[in-house]
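One-letter residues, chain by chain:
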Amino acid sequence: MTATPLVRFAPSPTGYLHIGNARPALLNALFARAHQGRFLLRLDDTDAERSTQAFAEAVAEDLAWLEIVPDLFARQSDRAAIYDAAAERLKAMGRLYPCYETQDELERRRRRQLGRGQPPIYDRAALALTPAERTALEAEGRKPHWRFKLDARTVAWHDLVRGEATVDCASLSDPVLIRADGSYLYTLPSVVDDAEMGITHVIRGEDHVTNTGVQVQIFEALGSAIPVFGHHNLLTTADGEGLSKRLGHLSLRGLREAGYEPAAVRSLAVLTGTAESVRAVASLDELAGLVDLAQISRAPAKFDPQELDGLNARLVHAMPYAEVADRLAALGVPPDGAQAFWEAVRPNLAKVSEAGDWWRVVAGPVTPVIGDPAFIGAAAALLPAEPWDGETWKTWTGAVKATTGAKGKALFMPLRLAVTGLEHGPDLGGLLPLIGRAAVARRLAGAG
Ligand code: GLU
């Protein structure tokens, strides 16, 4: 690779990013990371009606949560003059032409074509209009929309994911680039930006393959360098249904609020539907090293949202204290002893937030469950003297076993129920010194 790669993620800010949008965002960011390139966040916000500032801010926040920090930022709504200049050039060369058909007219024509067994391709009737006819239509109050005149040929490229790829532009309608209200569809601004900003690699979903055929012709018409393209498979639900921003499917902020780790979401969004097994990868560098665009499957990347739970749990079990110190403090865990607490409870957590529940068990009050007061009374009498440490639980249960003869579950379960009020939980060897002798003695006496 000669030039430093410059890639971009170009969402339209018309909804919250979902886990399927995280896939191109991450594939681009990881590609930049792996190739010492740069990453541009570009808001494709030419649809003024549906784009909002709140969604634009949410895009940046959600990327930050995934630890994607753009090197560059742009928004299309700031750049209309640049698109206008390109549109004028295309008009001057006869590649962009005005059309006056209404939606109804186009629909009727389409149905006629289908009825005759013809493909429903725009018939270019507007190209045959004389200047006088155009003037007459405009005098009626009709405003033109503008179509790009495609060359009837096949566009071919070497796709980073799909290998040799082709689009037969002879089978496509000339695409509308400018709406009757003068606003741009995404097609032209995207090409103009990619060219002007020097985007080297366009990595995006395979729903854009046909667009690429069209856009390559626009790059050529404008005399611009054509970037390298890679079209990845899309994340779908287990039954093959696509995700929708509009329907709020598995939004990144929803996942964040539900307490998932960004690394779990990253691992699932990136590794599903690739040659790699889906596993919990904590670091961005390691994940970047696992991405090989050529190894991405051609089949849809089906995923089960429940996989996130397993990935999340594995990440949490391996998470060092330093990484969660702030979050534990926010959950009410005092800094003194927080590391020992984290190490004691970590293996039992599916999400970091659950540490708060275990802290309440440590700090109390709890509701001790005492089934056999005589047994618990004997155990209370055998509580070791302080100081307590990681061995205290073993010492104590050893003494209780020797005195009462109880062993296994009959030994441990009544003690756990009395000390924590719960049947399950983290290893008491770690928790006991944190609860402390006075509180344990109180709980064994039946008081929380
Ligand atoms: N705004 C387009 C989208 O969100 C960008 C596609 C592209 O990457 O070119 O689908």
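Residue positions are counted from 1 within each chain, in the order its sequence is given. Reporting of local features is limited, given that this is a predicted model, to residues whose pLDDT is at least 70; pairs of side-chain atoms are given and counted only at 80 or more, and all residues count toward the totals for whole chains, interfaces and linings. Computation of side-chain values covers all heavy atoms of the structure but excludes hydrogens and water.

Structural notes on unusual backbone geometry
So, step 1. Backbone torsion omega between Gly364 and Pro365 reads 0 degrees, so that peptide bond is classified as cis.
So, step 2. Of note, the bond from Glu386 into Pro387 is cis; its omega dihedral lies within 30 degrees of zero at 5 degrees.
So, step 3. Relative to the elements of secondary structure, Pro387 occurs in the loop between helix 15 (373-381) and helix 16 (392-404).
So, step 4. Phi is positive for Glu67, close to 70 degrees, though the residue is something other than glycine.
So, step 5. Owing to a relative accessible area of 43%, Glu67 belongs among the partly exposed residues under this scheme. The helix count covers DSSP runs of H or I at least four residues long, the strand count covers runs of E at least two residues long, and both are numbered beginning at the N terminus. Type-normalised accessible area, obtained with a 1.4 Å probe on protein chains alone, sets the label of each residue: buried when under 20%, exposed when over 50%, and partly exposed for intermediate values.

Observations concerning the sheet that holds strand 8 (residues 176-178)
So, step 1. On the basis of which strands lie adjacent, the open sheet formed by three strands has the order 4-5-8 and antiparallel pairing. One side of each edge strand has no neighbouring strand; the edge strands of this open sheet are strand 4 (96-99) and strand 8. Across the sheet, the mean angle from the axis of one strand to that of its neighbour is 45 degrees, orientation sign disregarded.
So, step 2. In this analysis, strands are considered paired if DSSP registers two or more bridges between them. The pairing of strand 5 (residues 145-148) with strand 8 spans two bridges and is classified as antiparallel. Its bridge partner being in strand 8, Trp146 is matched across the sheet by Ile178. To obtain each axis, a line is fitted to C-alpha atoms, and for helices this fit is confined to the stretch in contact; angles are then taken between N-to-C directions over 0 to 180 degrees.

Some points on the pairing of strand 6 (residues 154-159)
Within a regular strand, side chains alternate between the sheet's two faces.
So, step 1. Of the two faces of strand 6, only the one carrying Val155, Trp157 and Asp159 is buried; Thr154, Ala156 and His158 on the other face are not.
So, step 2. Pairing analysis gives six bridges linking strand 6 to strand 7 (residues 163-168), with the strands arranged antiparallel. By the bridge assignment for strand 7, Trp157 is matched with Ala165.
So, step 3. Turn length for the strand 6-strand 7 hairpin, with the two strands adjacent in sequence and antiparallel, is three residues.

Section: the environment of Leu271
So, step 1. With respect to the secondary-structure elements, Leu271 resides in helix 9 (residues 262-271).
So, step 2. For Leu271, a relative accessible area of 1% corresponds to the buried category.
So, step 3. In what follows, residue pairs with any heavy atoms lying within 4.5 Å of each other are defined as contacts. Beyond its immediate sequence surroundings of up to four residues, Leu271 is in contact with Glu276, Ser277, Val278, Arg279, Val281, Leu287 and Leu290.

Topic: the site of the ligand
So, step 1. Nearness of a residue to a molecule or strand requires only that one of the residue's heavy atoms be within 4 Å of it. Taken together, the neighbourhood of the ligand is formed by Arg8, Ala10, Pro11, Ser12, Asp44, Tyr186, Ser190, Arg204 and His208.
So, step 2. Polar contact is the term for a pair of N or O atoms within 3.5 Å; when the atoms are in protein, one must be able to donate a hydrogen and the other to accept it, and sequence-neighboring residues count only if both atoms are side-chain atoms. One of the side-chain N or O atoms of Arg8 is found 2.7 Å from an oxygen atom in the ligand.
So, step 3. Contact distances for the ligand include 2.8 Å between a nitrogen atom and a side-chain N or O atom of Asp44.
So, step 4. The protein chains shown are the only cover counted for residues, whose accessible areas, like all others here, come from Shrake-Rupley with a 1.4 Å probe. Relative to its free-state accessible area of 300 Å², the ligand is covered by the protein chains to the extent of 79%.

Quick word on the pairing of strand 3 (residues 72-75)
So, step 1. With four bridges connecting them, strand 2 (residues 38-43) and strand 3 associate as parallel partners. Residue pairing across strands places Leu40 opposite Leu72, the latter belonging to strand 3.
So, step 2. For a crossover, the right-handed case is the one in which the path from the first strand over the helix to the second runs clockwise, viewed with the strands pointing away from the viewer. For the handedness criterion, the β-α-β arrangement of strand 2, helix 2 (residues 53-65) and strand 3 is classed as right-handed.

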